[in-house]
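Structural overview for review
Residues per chain, in single letters:
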Amino acid sequence: MNIFITGTAGFIGYHLADLFLRQGHTVHGYDGITDYYDIRLKQARHQLLRQYPQFTATEALLEEDAVLQAAIDACQPQVIIHLAAQAGVRYSIDNPRAYVDANIVGTFNVMEGARRHKVQHLLMASTSSVYGANKEMPYAETHKADTQISFYAATKKANEAMAHSYAHIYGIATTMFRFFTVYGPWGRPDMALFKFTKNILEGKPIDIYNHGDMWRDFTYVSDLVRGIALLLNTAPSAVNANPSISNDSLSSVAPWRVVNIGNSQKVRLLDFVEAIEDSLNKKAIRNYMDMQPGDVPATWADASLLNKLTGYKPKTDFKHGVKQFVEWYREFYDC
Ligand SMILES: Nc1nc2c(ncn2[C@@H]2O[C@H](COP(=O)(O)OP(=O)(O)O[C@H]3O[C@H](CO)[C@@H](O)[C@H](O)[C@@H]3O)[C@@H](O)[C@H]2O)c(=O)[nH]1
C-alpha cells in the first residue's frame, strides 16, 4: 500500500513509518524539520528511515500548500496519516500562532490533499488533552470534550471538527486518534521523560509540577504505533457496520470516529520519576513546583473501543518502557 505520513521526522511518525516499512508498505514522509526542538534528532530519525528503499521524503512545512499537494500527487496514496503538528501543551501559552499555522492551516491543507485523492482512509492525530477540564475518568470517546484548557488542545479539538465536516461532505473515511502521553526511545526533548533523564544525568534539578500530584496514562510508543497500524484497516463507514459495539464514537452522519490510544493505566508522576532514577541508578534533585497553567492534573484512557475494533490492548509496563528509553538515550548521546 502507498501510505503518505506527515511528521515522519517526529517521534511517533518515525516509529510508525518504521513499522509500515518493515511490513512491506511504501511510505512517503513529509516533515518540516522545524526547530521547536533539536533538529539533529529529527534528521537522525529521517536518516534511519532513508535506509529503506521504499521510503522517500519531502522536507517542507504543512503550510507550503503547493509543495504538500505535489508530494501527495507524486505518492498517489491510498491512505494518509497526519501526525505532523505543533505539539506541546506548555509552548502554546507563549506561542499560540505556531499552533494556528501548523495545526489549523496545515491540517486543512492535508485534508484537501485527502479530498483530491479520494483516499480510502484518512487518519489524524488528536490528543487526550482535548478532555481538558473533564473530571469523569477514565476518559471515554463518548464523553463530552468541550472544555479545553490549553490552546494546543483547542486546535486539536478544532481538527476533529474540521475532519468530521469533510467526512460528512466528501465521504472521506476518517479516524481521529486521541493519544495519551506517548513515551519511549527517540522521544521528544520537550517531554518530561527526556528532560528528567537529561537533568538527572547532568546533576541538574528537575521541575516537578503540582508537587508531583499528577497522573498520566503513559503510553509506550511501540504499543501506540501497533494500535494505529491495526486501525488502518478499520476505516469507519457511514453506516454502522458493527452496532454491537456499545461505546462506538462513530458519527451518525459521517464515516468518522475518534479512538483513544492509551495504556489504560494511571501512573503517578512521582512513580514515573522513581522509574527513571532506577533505570539510571541515580537520584534526582527534585524541585517541587505549583501547578502549571494549561496543564491537566490527570489523564486516564478508556481504551476499550480500540480493543473492540482491533482486538488489541496496549500493555507495556511503564518501568520497562522507561528502561528502554534510558538505554536509547545513553547510547544516542553517548553518556
Ligand atoms: N514537559 C515537562 N513536564 C513536566 C515537567 N515537570 C513535570 N512535568 C509533568 O510530567 C507529566 C508529563 O508531561 P509531558 O511528558 O510533557 O506530557 P503531557 O503534558 O502529558 O503532554 C503530552 O501528551 C499529550 C497527550 O496526552 C500530547 O498531546 C502532548 O503533545 C504531549 O506529548 C505532566 O504531568 C507534566 O506536568 C517538566 O519540567 N517538563
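Keep in mind the model is a prediction, meaning the values are calculated, not measured.

Conventions we followed
Residues numbered from 1 in each chain as written. Predicted model: local features only at pLDDT ≥ 70, side-chain atom pairs only at ≥ 80, totals over all residues. Heavy atoms only, no water. Helix = DSSP H or I, 4+ residues; strand = E, 2+ residues; numbered from the N terminus. Contact = heavy atoms within 4.5 Å. Axes fitted to C-alpha atoms, helices over the stretch in contact; angles between N-to-C directions. Parallel < 35°, antiparallel > 145°, perpendicular 65-115°, else oblique. Nonpolar A, V, L, I, M, F, W, Y, C, P; charged D, E, K, R; others polar. Patch = residues over 30% accessible without salt bridge, like charges linked within 9 Å, V, L, I, M, F, W, Y side chains within 5 Å. Areas by Shrake-Rupley, 256 points an atom, 1.4 Å probe, with all protein chains shown as cover. Salt bridge = Lys/Arg side-chain N within 4 Å of Asp/Glu carboxyl O. Buried < 20%, exposed > 50% of the residue type's maximum accessible area, 1.4 Å probe, protein only. Pairing = 2+ DSSP bridges. Right-handed = clockwise from strand over helix to strand, strands pointing away. UniProt positions renumbered as here; feature names shortened; annotations may be inferred. Core = buried A, V, L, I, M, F, W, Y, C linked by side-chain atoms within 4.5 Å. Domains from an automatic or database assignment.

1. Quick look at the side chain of threonine 8
Topologically, threonine 8 is positioned in the loop between β1 (2–6) and α1 (11–22). Not counting residues up to four positions away in its chain, the partners in contact with threonine 8 are Gly13, Tyr14, Ala17, Gly29, Tyr30, Asp31, His46, Leu49 and Phe55.

2. Side note on the packing of α1 against helix α2 (residues 39–49)
In contact at an axis separation of 10 Å, α1 and α2 are set at 5 degrees when each is read in the N-to-C sense. As judged from the angle between their axes, α1 and α2 are roughly parallel. Contact residues: Phe11, Tyr14, Ala17, Asp18 and Leu21 in α1; Arg45, Leu48 and Leu49 in α2. For the contact of α1 with α2, the class distribution of residues is 6 nonpolar, no polar and 2 charged.

3. Some points on a nonpolar patch on the surface
Nonpolar side chains collect at one region of the surface, where Val100, Val105 and Phe151 lie side by side and expose about 200 Å² of accessible area between them. In this fold, valine 100 is placed in helix α5 (residues 96–117). Residue valine 100 is classed as partly exposed on the basis of its relative accessible area of 30%.

4. Examining the pattern of salt bridges
Summed over the entire model, instances satisfying the criterion amount to 17 salt bridges. We note a salt bridge from arginine 116 to aspartate 73, for which the minimum N-O separation is 2.9 Å. Linking arginine 116 in helix α5 with aspartate 73 in helix α3 (residues 65–75), this pair joins segments that are 43 residues apart in sequence. For lysine 157, the salt bridge is made with aspartate 146, and the minimal N-O distance between the two is 3.2 Å. Placement of lysine 157 in helix α6 (residues 151–170) and of aspartate 146 in the loop between β5 (121–127) and α6 is noted, with a sequence separation of 11 residues between them.

5. Some words on the pairing of strand β3 (residues 55–58)
Sheet topology note: the strand β2 (residues 26–30)/β3 ladder contains 4 bridges and is parallel. Of the residues in β3, the one forming a bridge with histidine 28 is threonine 56. Viewed along the sheet, the connection from β2 through α2 into β3 turns out right-handed.

6. A look at the UniProt feature "domain: NAD(P)-binding" (unreviewed entry) in the chain
When the UniProt feature table is mapped onto this chain numbering, "domain: NAD(P)-binding" (unreviewed entry) sits at residues 4–324. For residues 4–324, the end-to-end C-alpha separation is 28 Å, with 40% helix and 16% strand making up the annotated structure.

7. Observations concerning the nonpolar core
Inside soluble globular proteins, nonpolar side chains tend to come together where they are buried. By size, the foremost hydrophobic cluster in this structure holds 65 residues, and its most contacted members are Ile5, Ile12, Phe20, Ile81, Phe179 and Phe272. There are two domains that each give this core at least three residues, and those are domain 1 (2–183 + 219–261) and domain 2 (192–215 + 265–299 + 317–333). When near neighbours in sequence (up to four residues on either side) are disregarded, isoleucine 81 contacts Ile3, Phe4, Ile5, Thr6, Leu16, Phe20, Leu123 and Leu232. Formed by 25 residues, the second largest nonpolar core is a distinct cluster that contains Leu62, Ile72, Ile80 and Ala84.

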